[in-house]
Amino acid sequence: MRVVLAFTILIPFLALAADPPKTEPKKEAPKAEPPKAEPKKELPKAEPPKIEPKKEAPKAEPPKTEPKKETPKVEPKKEPAVFPGEATIRGYFRQQVKEIQDTTLTGYKTKEEWEKARPEHKRQLLDMLGLWPLPPRTELKPVITGKIDSPKFTVEKLYFQSKPGLYVMANLYLPKPAPQKAPTVLYVCGHGNVVKDGVSFGSKVFYQHHPTWLAEHGYVCMVIDTLQLAEIQGFHHGTHQLGQWWWQGLGHTPAGVECWNAMRALDYLETRPEVDTKRIGVTGRSGGGAYSWWIAATDERVACAIPVAGIADLQAHLLEGYPGRLEKGVIAGHCDCMFMVNTYRWDFATLAAMIAPRPVLLGNSDADDIFPVAGYRRLAEKTRKIYELYGAGEKFALLETKGPHTDTPELRAGAFRWLNRWLKNDNAEVTDPNPATPKFEPAQLKVFAKIPEDQRNTTIQETFVATSSIELPKSPEVIRQWWPAKREEMLKELKEHTFRNWPKETDLALKPAGDKTHDGIRLRAWDFTSETGVELRLWLMTAATTDKPSLVVLNALGEADWKTWCADLGSEFTDVLKVSTPIKRDEAKFKQNKAVMEKMKWSFAAVCPRGIGPTRFAEAGNRDEIQYRRRFALIGQTWEGQQVWDVRRAFQTLGKLGEAKEAPLWLQGKGDMATVALFAGIFEPTVARLDLWQLAPTYKTAPPMLNAWRHLDIPQALALAHPKNVKLYVKDDAAREAWAWPLEMQKALGKETLQLRVVGE
């Protein structure tokens, strides 16, 4: 018998004739505020390399005093909303960070043990940057667009293409007289763009005092713009500000673009006769500090590195930041370019250790509100142990100076001395950390007179990591031979790269949590443990007269669906629902629900995966929710990927209930929850049927599953559910076209278990 869930009579989002729940319009993610400098605190000093005593920094002009204005009336401070799941989510991240910390750089007692593990670590890092396998080294096509002549050096304004259409803008500082085989520094800029009259000149203008000093002291120095803060402005803030969560699903991070651009900059430097390729150092501060870590860890051509104010451990990023707006973790103070997609669950000490035994100076200030002292000291302590395995403890040092997150003479002096020591074998003190040459005007350092029409900088996030494109064989016979192995391959990729950090299955710790009968409807609830620290509730609704249901349907509820579920039941069930406020019952739907359950002997179960309903941890779309969502990628997960796990565990809970053991078990979801239900159904063998409403047809609009879209898109995921029965409800006939791939596949297999039905909005 053909059964279609025509829920004009039960849960509104299942209705074919009823109006669907209204979807809240997406809110633009708030822009990050610039970090505020906090008052300096006296902290114990780490062991810095010896540098020249501090010079007084130039005094800033006092701020102009504005005329006094009438004090505005102060409104009572509105207390932030307290969400029921906030304590749970914070505890969850604390537990996850501890698990990662406990396994970071442990088990290496000899240099040989570390050396044996290092190649796989390098592969993992490149993979987490979207660089595995490494892209082809296409022709750089370098062009010098102009030169600036200065008494002590020449500046060449140039660009090259790290990939076709991905332009890197640079200034190359060459000492006078023109050197042969000189020590060389790649300076990778941080976030310091210079914009005048709407024209972007790039961060290379802001940081020009660094290459100026180096050129005055005999170094060749190439300074390169970042992807975003450049003459061509790309994007660093996909998840931070733009709501582009598909970056997580694709495994894209602009950190990978910055690393690749730096690799290609080294390729260019190797072509220059002025450069000694055995004596290349890299340095940068803030964002450039992070990029210094990426390039030094992945490219052995870097002979020494000085990353300044560019790293902290996971504990600082996700849990304990700096007093004030970042006290719950400094991740909110950083854009996406600062992080890899942490598939393999590294702490950042592993990144630093990858450079051993090459010389590294970690520079930072002691009142830096986005790189807290404790965060980089813990990291340095772990990293130093790997250097000691090489007998090279002197090659790793921490330079900690006074001050906030600013570029100070003390930090520059320490960096320059480190370069002199390891690239020139010069241990003399640096007494002049400020360059003698005046700064150039922004227009003098500008590379492009006109932006190239073929530039891909502004869209590189679309293609830097290749999306999956799986072509279905043309012949049905070939499909039948090809599909079994291809299916296993896709499942393997999902297990290893998307859901590899699901927990091990443990006891559900199932506990009855309520039983209420009212007006002929019975609602029961059970609390269960999805994973350590994540307690959820499963509800089962039946007619009061039904002992053994003929069918049990589990609904994966989104936030709007949860509110509708509650309204369909009313205030009489608030205790079981775990709701503290009164609910106005929808009388018509209550009666419909009761009638269908009595007639069909169906039961309807529901679960709110983590972050929904009773475990909501922030207001949808606000700053807190954005930063919690970003945290998941730093522990090798996505929020929605863990919701898949929650739905799986709810389904397992259902299977343990006596009345549900003998009935068929179906699973359904709508919108984002359709994607969650699909992946849960793929991995749960007892799901007999899936009902998916308005399933997103592509990774670009679907909830992100970590790295999944490198290996398959939603149509292929839908095909993985075969041979389960799947009912797909779509908006219109045009929407059917997106599902041609699985429809053609199942037709070739001779078992058409996927059925589509047009239901409108």
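Description of the structure in this document. (Residues numbered from 1 in each chain as written. Predicted model: local features only at pLDDT ≥ 70, side-chain atom pairs only at ≥ 80, totals over all residues. Heavy atoms only, no water.)

Quick notes on the pairing of strand β16 (residues 602-607)
- Counting buried positions along β16 yields six of six residues, so the element is predominantly enclosed.
- By the bridge criterion, four bridges tie strand β14 (residues 534-543) to β16 in an arrangement that is antiparallel. Paired with Leu-540 across the bridge in β16 is Ala-605.
- Both strand β15 (residues 551-556) and β16 contribute to a ladder of six bridges, which runs parallel. Within β16, the residue paired with Val-552 across the bridge is Ser-603. (Buried < 20%, exposed > 50% of the residue type's maximum accessible area, 1.4 Å probe, protein only. Helix = DSSP H or I, 4+ residues; strand = E, 2+ residues; numbered from the N terminus. Pairing = 2+ DSSP bridges.)

Regarding the environment of Met-541
- The residue Met-541 is located in strand β14 in this model.
- On the basis of relative accessibility, which here comes to 2%, the residue Met-541 falls in the buried class.
- Each C-alpha atom, one on Met-541 and one on Ile-521, is 7.1 Å from the other, the two residues being 20 residues apart in sequence.

Some points on unusual backbone geometry
- Residue Pro-357 follows Ala-356 across a cis peptide bond; omega there is 5°.
- For the peptide bond that leads from His-722 to Pro-723, omega is 15°, which places it in the cis range.
- Take Pro-723: it is sitting in the loop between α20 (714-720) and β19 (725-730).
- Of note, Leu-105 is a non-glycine position whose phi angle comes to about 60°, a positive value.
- Mapped onto the elements of the fold, Leu-105 is located in the loop between α1 (86-103) and α2 (111-128).
- In this structure, Ala-509 is a non-glycine residue whose phi angle is positive, near 50°.
- With respect to the helices, strands and loops of the structure, Ala-509 is situated in the loop between α13 (476-498) and β12 (511-518).

Some words on the pairing of β14
- Across the ten residues that make up β14, a large majority, nine, are buried.
- Looking at chain direction, strand β13 (residues 521-531) and β14 are connected through ten bridges and run antiparallel. Paired with Ala-525 across the bridge in β14 is Trp-539.

Regarding helix α7 (residues 287-298)
- For α7, with twelve residues, the first-to-last C-alpha span of 17 Å sits near the 16 Å given by 1.5 Å per residue.
- Of all the twelve residues making up α7, twelve are buried; the element is thus mostly covered by neighbouring parts of the structure.
- Taken as a whole, α7 has its buried residues at Gly-287, Gly-288, Gly-289, Ala-290, Tyr-291, Ser-292, Trp-293, Trp-294, Ile-295, Ala-296, Ala-297 and Thr-298. (Expected span 1.5 Å × (residues − 1).)

Notes on the nonpolar core
- Membership of the largest hydrophobic core comes to 229 residues, with the highest contact counts inside it found for Met-222, Trp-294 and Leu-577.
- Here the element with the most residues in this core is helix α6 (residues 254-269); it accounts for ten residues.
- In this view, Leu-577 contacts Leu-523, Trp-539, Trp-562, Trp-565, Cys-566, Leu-569, Ile-583 and Pro-614; residues no more than four positions away in its chain are not counted.
- In terms of nonpolar packing, the next biggest core, distinct from the first, is built from seven residues, Tyr-167, Ala-230, Ile-232 and Phe-448 among them. (Core = buried A, V, L, I, M, F, W, Y, C linked by side-chain atoms within 4.5 Å. Contact = heavy atoms within 4.5 Å.)

So, the state of the cysteines
- Under the counting rule described, the total for this entry stands at zero disulfides.
- Here Cys-337 is not cross-linked by a disulfide; its sulfur's nearest cysteine counterpart is in Cys-335, at 3.1 Å.
- No disulfide involves Cys-608; its sulfur sits 7.2 Å from that of Cys-566, the nearest cysteine. (Disulfide = S-S within 2.5 Å.)

Some thoughts on the side chain of Arg-630
- Among the secondary structure elements, Arg-630 is positioned in helix α17 (residues 623-633).
- Within the structure, Arg-630 has its side chain in polar contact with the side chain of Gln-627 (distance 3.0 Å).
- The residues contacting Arg-630, other than those within four sequence positions of it, are Thr-239, His-240, Trp-245, Gln-248, Ile-331, Ala-332, His-334, Cys-335, Asp-336 and Phe-339. (Polar contact = N/O pair within 3.5 Å; in protein donor to acceptor, adjacent residues only side chain to side chain.)

A look at the pattern of salt bridges
- Scanning the model with the defined rule gives 44 salt bridges in all.
- Ionic pairing is found between Asp-102 and Lys-98, a salt bridge with its closest N-O pair at 2.8 Å. Separated by four residues within a single helix, Asp-102 and Lys-98 lie in helix α1, roughly one turn from each other.
- Lys-204 is paired through a salt bridge with Asp-225; the nearest N and O atoms lie 2.7 Å apart. One end of the pair, Lys-204, is in helix α3 (residues 203-206); the other, Asp-225, is in the loop between β7 (220-224) and α5 (246-250), with 21 residues separating them in the sequence. Accessibility assignment for this pair places Lys-204 and Asp-225 in one class, buried. (Salt bridge = Lys/Arg side-chain N within 4 Å of Asp/Glu carboxyl O.)

Considering the packing of α1 against α17
- Taken N-terminus to C-terminus, the directions of α1 and α17 make an angle of 25°; their axes are 11 Å apart at the nearest point. It follows from the interaxial angle that α1 and α17 lie roughly parallel. Considering only the axes of α1 and α17, their crossing is left-handed. Only Tyr-628, Arg-631 and Phe-632 of α17 make contact with α1, whose side of the interface consists of Glu-86, Ile-89, Arg-90, Tyr-92 and Phe-93.
- Of the residues in the contact of α1 with α17, the class split is five nonpolar, no polar and three charged. (Axes fitted to C-alpha atoms, helices over the stretch in contact; angles between N-to-C directions. Parallel < 35°, antiparallel > 145°, perpendicular 65-115°, else oblique. Left-handed = near helix turned anticlockwise from the far one by under 90°. Nonpolar A, V, L, I, M, F, W, Y, C, P; charged D, E, K, R; others polar.)

Considerations on the side chain of Thr-343
- As for its position among the elements, Thr-343 is in the loop between α8 (314-318) and α9 (348-353).
- With sequence-adjacent residues up to four places away left out, Thr-343 is seen in contact with Met-128, His-497, Arg-500, Asn-501, Gly-636, Leu-706 and Asn-707.

These figures come from the coordinates and say nothing about function on their own.
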